[in-house]
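Read off the chains here:
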Amino acid sequence: MKTLPLFEKLHVRVPLFLAPMAGVTDMPFRKLCRTFGAEVTYSEFVSSEGIIRKNKKTLRFMSYEEDEHPFGIQLFGYQPHVMAEAAKFIQETINPDLIDLNFGCPVSKVVKNGAGSVLLKDLPLLRDIATAVCSAVTIPVTAKIRAGWDETHLVIPEIAPLLEESGIQLITLHPRTASMRYKGKADWTLIRRLKENTSLPVIGNGDIRSADDALSMIEQTACDGVMVGRGALGNPWLFHTIRSALTTGKIPKNPSDYEKISLMKKHFNEVVSFYGKDHAYKLFKKHFSWYTVGLPHGAHFRQKAMMSTSTGEMENIIDSYRTFLEKHEVCQ
Ligand SMILES: Cc1cc2nc3c(=O)[nH]c(=O)nc-3n(C[C@H](O)[C@H](O)[C@H](O)COP(=O)(O)O)c2cc1C
């Protein structure tokens, strides 16, 4: 893949991005994905209104550690001046490498306030927001978009010149419409169309579940990098697989089931130290489900984990599953 000035500035060697995911891409998960080769990671999306009100939870969503560069904060909102003020605060106080603007979230509590993907129906306002934020900060501002509000209102490629003029430096496209939510398939031909109509770097996103998917997306769309979301849930080593395919052409073996659960334990320990014992087991339940899908006796241990009522109990369940798999693998 080509080296682009923005990637050079950010020291990105292999343009492999972890998708921002609310409730998932907290510091423990981001750091884990980074150890497997994700190079650019984003915070969960944060509300511009929450930032200017100095909402404690919003401020916590933005915390990151020094070994997380390049790191971006993803911002959503609907008022240009509030978005600009929030972006300024982010640059001055949090100092990330990037700010990403969310123009794709289809969740009703976001769109009913006029933010996220509903802005794809009002391109002049979207442009005003992008321009206000780009003028308020000196760090690069990127935009993450969907293909349009619905199939009768596709914004590709007409959104491209508008984002360029606003000062946006990179576009990530998840080529589903907002009304599709996560149904159907991401239409990768739209990534190609966007790429053909802009000089900005384009990151392709949507339905990458394997190294072959990543290679096919790059081949079919000529995108400048790939972003992985759901494929990394309970499967952060996917970044290693894709990275290896991109850099050496070889696809490494997946970890064994025992290794997967050992990794889950490592992730769990990070969640405990980040959130504390009172909250860790609750927050980890979804990860437990993702890690154990398709594993032998996964349903049995999952059921136990879902019913756990303390962090100590969750830890015991993880340890006993790991011991079970160790014996199971020896017997194979
Ligand atoms: C649980 C979850 C939370 C998400 N939260 C965000 C978000 O905060 N901001 C955003 O731009 N996209 C968000 N997304 C969308 C992803 O970033 C990504 O665009 C989408 O999942 C398609 O990529 P994938 O097929 O690789 O998952 C979220 C997706 C999921 C599954």
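Being a predicted model, the structure only gives us computed values, none of them experimental. The residue count restarts for each chain, going from 1 along the sequence in the order it is written. Two thresholds apply to this predicted model, a pLDDT of at least 70 for residue-level local features and 80 or more for giving and counting side-chain atom pairs, whereas whole-chain, interface and lining totals are computed over all residues. Side-chain metrics in this entry use all non-hydrogen atoms of the structure; hydrogen atoms and water are not considered.

Caption draft 1: Local environment of helix H9 (residues 188-196). Burial status follows relative accessibility: with a 1.4 Å probe on protein chains alone, a residue under 20% of its type maximum counts as buried, one over 50% as exposed, and anything between as partly exposed. Each helix corresponds to a stretch of at least 4 residues labelled H or I by DSSP, and each strand to a stretch of at least 2 residues labelled E; elements are numbered beginning at the N terminus. Taken together, the buried positions of H9 are Trp188, Leu190, Ile191, Leu194 and Lys195. Projection of H9 onto a plane perpendicular to its axis shows the buried side chains occupying an angular sector of 150 degrees, all on one side. Within H9, the exposed residues directed more than 90 degrees away from the buried face are Thr189 and Glu196. Any two residues whose heavy atoms approach within 4.5 Å are treated as being in contact. The inward-facing, buried residues of H9 abut strand E6 (141-148), helix H8 (159-166), strand E7 (170-177), strand E8 (202-205) and helix H10 (211-221). Working definition: the arc comes from the directions between the helix axis and the C-beta atoms, pointing outward to the latter.

Caption draft 2: Looking closely at the pairing of strand E5 (residues 98-103). Counting buried positions over the six residues of E5 gives six, a clear majority of the element. Along E5, one buried face is formed by Leu98, Asp100 and Asn102 and the opposite face, lined by Ile99, Leu101 and Phe103, is buried too. Any two strands between which DSSP finds at least two bridges are classified as paired. The pairing of strand E4 (residues 71-76) with E5 spans four bridges and is classified as parallel. Note on E5: the bridge partner recorded for Gln74 is Asp100. By convention, orient the strands away from the viewer: a clockwise path from the first strand over the helix to the second makes the crossover right-handed. Running through helix H5 (residues 80-94), the crossover from E4 to the neighbouring parallel element E5 is right-handed. Where E5 meets E6, five bridges bridge the pair, whose relative direction is parallel. Looking at the pairing, Asp100 lines up with Thr142 of E6.

Caption draft 3: Spatial organisation of the domain arrangement of the protein chain. Segmentation of the chain into domains, including their bounds, is taken from an automatic or database domain assignment. Split into domains, the protein chain comes out as domain 1 (5-248) and domain 2 (257-331). Measuring from the centre of the C-alpha atoms in domain 1 to the corresponding centre in domain 2 gives 30 Å. On the side of domain 2, eleven residues touch domain 1, which itself brings 14 residues to the contact. For the pair domain 1 and domain 2, the two sides together bury roughly 1,200 Å², of which 72% comes from carbon and sulfur. One side-chain nitrogen of Lys or Arg within 4 Å of one carboxyl oxygen of Asp or Glu is enough to make a salt bridge. Across the domain 1-domain 2 interface, the total number found is zero salt bridges. If you tally residues by element for the side of domain 1 that touches domain 2, the top one is helix H2 (residues 27-35), at four residues. Polar here means any residue outside two lists: the nonpolar Ala, Val, Leu, Ile, Met, Phe, Trp, Tyr, Cys and Pro, and the charged Asp, Glu, Lys and Arg; Gly therefore counts as polar. Here the residues of the side of domain 1 that touches domain 2 sort into nine nonpolar, three polar and two charged. By definition, the buried area sums, over both parts, the 1.4 Å-probe accessible area that each loses when the two are put together.

Caption draft 4: Structural context of the packing of aromatic side chains. Only Phe, Tyr and Trp rings take part, Trp by its six-membered ring, and two of them pair if their centres are within 6.5 Å. Stacked means planes under 30 degrees apart, edge-to-face means over 60, and tilted covers everything else. One pass over the full model with this rule turns up ten aromatic pairs. Ring geometry for Tyr321 and Phe324: centres 6.3 Å apart, planes at 25 degrees, overall stacked. Note that Tyr321 and Phe324 are positioned in helix H15 (residues 311-331) at a spacing of three residues, about one turn of the helix. Members of the aromatic cluster, each reached through a chain of ring pairs, are Phe7, Phe17 and Tyr42. Over the aromatic face of Phe274 sits the side chain of Arg60, whose NZ or CZ is 4.6 Å from the ring centroid. Only when the NZ of Lys or the CZ of Arg is both within 6 Å of the ring centre and within 35 degrees of the ring normal is a charge said to sit over the ring. Directly above the aromatic system of Tyr182 lies the positively charged group of Arg146, at a separation of 5.1 Å from the ring centroid.

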